Amino acid sequence: MIKTIFRNTFLVGLSVLLVCGLLFFGLQYKQTMDETYKALQQEAVYAEKGLMIGGQEYLSKLGDENRITWIDKAGSIIYDNATPVPTTNQKDCSEVKSAIEDGEAQSIRKSETSGVQTMYYARRCEDGTILRLSRPLSAVRYALYAVSPVLWVLVLVIMISVVLSFRVAKQIVRPINELDIDHPESNTYPELSPLISKIREQKLLIQEEVSQREALRREFSANVSHELKTPLTSISGFAELMSKGVVPPEKVQEFSSDIYKESQRLMMLIEDIIKLSKLDEEGIGPERENVDLYELSAEVLDSLKPTASKTNIKLEMKGEHMEVSGVYQLLSEMVYNLCDNAIKYNRPGGKVEVDVHSTDDKVILSVSDTGIGIPKAHQKRVFERFYRVDKSHSKEIGGTGLGLSIVKHGAQFHNAEVSLESELGEGTKITLEFPKPSPVAKEAEPSSEETKTEE
Ligand code: ADP
């Protein structure tokens, strides 16, 4: 930051100095030119007077600081204090031509005699001849050297501005470095107050978020311990009774089957916890691929056929082949949990329908059932971890209370939206809306309308 402030301050100073320097030397150059012309003009006036009185001899007595050329009306040179004397007709020279017409003229051009850029002043004398005085332009440039100390001053100013810019940069940054967010009253710079209050607000928000997460984590740990402890207590109790030989032989099978059921529940619970904690570890996970939701759902329904047939529930697949970009395993678990719930919380002889279709920008999957429904008061909470409407009923039918939570997290992972519609005693419909994969990512595959019914 110091570097940036220093660079910017220094650049501003340097630009101002350069502009001032250029302006100064430009104006100085112009002024020197004007003065030179004036000097040539004055000298020409005197020379004309001398010439008219003393003739050519007067001219030859003048010094050679300036070149003096006397030209007759026809344009031929009568006198020139420079050698070699040009033989060309001087009427072709712009200043001579203009002086014949207007009485006097000036120009800057390359001299034929010396070959250097020269300033000319020509004047028509009383007798119609032209008197011309000239001086090389380099003489004007030499005059500028008189102001060269200014250049050294400029260099000095630039060096001073380097030091000052660095000090200014350090001074600007110092109060920011010394900011004490926890003790804003110690801030002596009112300009920094808005920044301090913004940082404090941000800090409070982060602290709040951290404590919320911490509370959720603690609640989750407490729930996990409780949920794991319940089946373990049953298993340990049954096993203890059996080991002590207090279980009558005819009850041994029943006890063993209870132990088996509880251990199955325990395994399911652990599996679900592992799935959720994997979802919590954002950013890691397998690569995404294009997954045909219709095909995936049909496979899930197929695997649930034996469960559904136990209560005579009809499974129906509707819609079209639609792809989403996602993780196959996770999508499969999400659809499985939805369909499994739709069967678990259904009535004997009921129906479960999975529909996959699309809109302009979404791929929509919905699972609807004709089951017991979810009371309005519970509808928002069923996606929370371990939340069940009827805890004992859920446990009885092998629920872990984590199924919908996995669906919610999986949906977040896939940038999908979850919605729930339910009527008590009539049924439930849970919908997932996925963003449509971009046409580039999507493999060209014709989609077809299909309806498939399984029982
Ligand atoms: P569980 O393992 O208990 O089914 P879930 O997280 O999958 O846990 O669901 C949470 C609760 O939401 C369930 O206990 C149940 O009360 C209710 N629920 C979920 N799906 C349905 C459904 N299709 N019909 C009625 N109730 C449902």
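Procedures and definitions
- Residues numbered from 1 in each chain as written.
- Predicted model: local features only at pLDDT ≥ 70, side-chain atom pairs only at ≥ 80, totals over all residues.
- Heavy atoms only, no water.
- Helix = DSSP H or I, 4+ residues; strand = E, 2+ residues; numbered from the N terminus.
- Rg over C-alpha atoms; globule rule 2.2 N^0.38 Å.
- Buried < 20%, exposed > 50% of the residue type's maximum accessible area, 1.4 Å probe, protein only.
- Contact = heavy atoms within 4.5 Å.
- Areas by Shrake-Rupley, 256 points an atom, 1.4 Å probe, with all protein chains shown as cover.
- Lys, Arg positive; Asp, Glu negative; His and termini not counted.
- Charge placed at Lys NZ, Arg CZ, Asp CG, Glu CD.
- Axes fitted to C-alpha atoms, helices over the stretch in contact; angles between N-to-C directions.
- Parallel < 35°, antiparallel > 145°, perpendicular 65-115°, else oblique.
- Left-handed = near helix turned anticlockwise from the far one by under 90°.
- Nonpolar A, V, L, I, M, F, W, Y, C, P; charged D, E, K, R; others polar.
- Near = heavy atom within 4 Å.
- Polar contact = N/O pair within 3.5 Å; in protein donor to acceptor, adjacent residues only side chain to side chain.
- Expected span 1.5 Å × (residues − 1).
- Pairing = 2+ DSSP bridges.
- Core = buried A, V, L, I, M, F, W, Y, C linked by side-chain atoms within 4.5 Å.
- Domains from an automatic or database assignment.
- Salt bridge = Lys/Arg side-chain N within 4 Å of Asp/Glu carboxyl O.

Undergrad: Would you explain the overall build of the protein in this entry?
TA: Secondary structure assignment for the protein yields twelve helices and 13 strands. For the protein, the C-alpha radius of gyration of 50 Å lies well beyond 23 Å, the compact-globule estimate for 455 residues. Projected onto the principal axes, the alpha-carbon positions of the protein cover approximately 155 × 65 × 35 Å. For the protein, with 455 residues in total, the buried portion stands at 36%. Here the contacts in the protein between residues at least 6 apart in sequence split such that 64% fall between residues at least 24 apart. Element-wise, carbon and sulfur atoms account for 57% of the exposed surface of the protein, whose accessible area totals about 27200 Å². Where the 54 positive side-chain charges of the protein centre and where its 68 negative ones centre are 5 Å apart.

Undergrad: Teacher, can you tell me more about the packing of helix α6 (residues 193-243) against helix α7 (residues 249-280) here?
TA: Packed helix pairs are characterised by how far apart their axes lie and by the angle those axes make with each other. In contact at an axis separation of 9 Å, α6 and α7 are set at 160 degrees when each is read in the N-to-C sense. In this view, α6 runs roughly antiparallel relative to α7, as classed from their interaxial angle. Crossing angle aside, the handedness with which α6 passes α7 is left-handed. Across the interface between the two elements, Phe220, Val224, Glu227, Leu228, Pro231, Leu232, Ser234, Ile235, Phe238, Ala239, Leu241 and Met242 of α6 pack against Val252, Phe255, Ser256, Asp258, Ile259, Glu262, Ser263, Arg265, Leu266, Leu269, Ile270 and Ile273 of α7. In terms of residue class, the contact of α6 with α7 is built from 17 nonpolar, three polar and four charged.

Undergrad: I keep staring at the site of the ligand and nothing clicks. Help me out?
TA: Taken together, the neighbourhood of the ligand is formed by 19 residues, with Asn341, Tyr345, Ser394, Thr400 and Leu404 sitting nearest. Lysine 344 has a polar side-chain atom sitting 3.3 Å from an oxygen atom of the ligand. Contact between the ligand and threonine 400: an oxygen atom at 2.7 Å from a main-chain N or O atom of the residue. When residues of the shell around the ligand are traced back to their parent elements, those giving at least two are α9 (328-344) and α12 (403-413). At three residues, the largest contribution of residues to the shell around the ligand is made by α9. Tallied by class, residues from the shell around the ligand come to eight nonpolar, eight polar and three charged.

Undergrad: Sorry, what's going on with α6 here?
TA: Given a rise of 1.5 Å per residue, 51 residues ought to cover 75 Å, and the 73 Å separating the end C-alpha atoms of α6 matches this to within 8%. The elements touched by buried residues of α6 are α7 and α11 (391-396). Following α6 by one or two positions, glycine 245 has its phi on the positive side, about 75 degrees.

Undergrad: I would appreciate a short explanation of the environment of lysine 275 in the present structure.
TA: With respect to the secondary-structure elements, lysine 275 resides in helix α7. Look past the residues within four positions of lysine 275 in its chain and what remains in contact with it is Glu333 and Ile406.

Undergrad: What's the story with the sheet that holds strand β4 (residues 117-124) in this structure? I'm lost.
TA: Hydrogen bonding along the main chain pairs the strands of a sheet, whether they run parallel or antiparallel. An order of β2-β1-β5-β4-β3 is seen for the five strands of this open sheet, with the pairing classed as antiparallel. Whereas interior strands pair on both sides, the edge strands pair on one side only; in this sheet they are β2 (77-80) and β3 (104-110). When the angles between neighbouring strand axes are averaged without regard to direction, this sheet yields 20 degrees. Those strands touched by helix α1 (residues 2-54) are β1 (67-71), β3, β4 and β5 (130-136), and its axis lies near 40 degrees from that of β4. In the packing of helix α3 (residues 94-102) onto the sheet, the strands contacted are β1, β3, β4 and β5, and the crossing angle to β3 comes to about 175 degrees.

Undergrad: Explain the environment of tryptophan 152 to me, please; I cannot follow it from the model alone.
TA: Following the sequence through the fold, tryptophan 152 ends up in helix α5 (residues 149-177). In this structure the C-alpha to C-alpha distance between tryptophan 152 and arginine 288, which are 136 residues apart in sequence, comes to 68 Å.

Undergrad: Honestly, the nonpolar core in this entry has me stumped. Any pointers?
TA: Across soluble globular proteins, nonpolar side chains have a tendency to be buried as a group. Ranked by size, the top nonpolar core spans 50 residues in total, and within it Leu338, Cys339, Leu365, Val367, Leu432 and Phe434 carry the most contacts. Shared between two domains, this core takes at least three residues from each, and those domains are domain 2 (193-279) and domain 3 (289-454). Setting aside residues no more than four positions away along its own chain, phenylalanine 434 makes contact with Leu293, Val324, Leu331, Met334, Asp361, Lys362, Val363, His414 and Ala416.

Undergrad: Would you mind showing me how to read the pattern of salt bridges here?
TA: Should their charged atoms come close, side chains of opposite charge can pair. Using the criterion set out here, one finds 22 salt bridges in the structure. Put simply, glutamate 65 and arginine 135 hold a salt bridge, and the shortest N to O gap is 3.5 Å. A residue pair is termed long-range when its members are at least 10 positions apart, and glutamate 65 in the loop between α2 (56-61) and β1 and arginine 135 in strand β5 qualify at 70 residues. According to the relative accessible area criterion, glutamate 65 is exposed, its value standing at 60%. Glutamate 316 is paired through a salt bridge with lysine 351; the nearest N and O atoms lie 3.9 Å apart. One end of the pair, glutamate 316, is in strand β7 (residues 314-320); the other, lysine 351, is in strand β9 (residues 351-358), and 35 residues separate them in sequence. Here glutamate 316 falls in the buried class, since its relative accessible area comes to 12%. Classification of lysine 351 by relative accessible area gives partly exposed; the value is 29%. Sharing partners across several salt bridges, the network here consists of Glu227, Arg265, Arg388 and Lys391.

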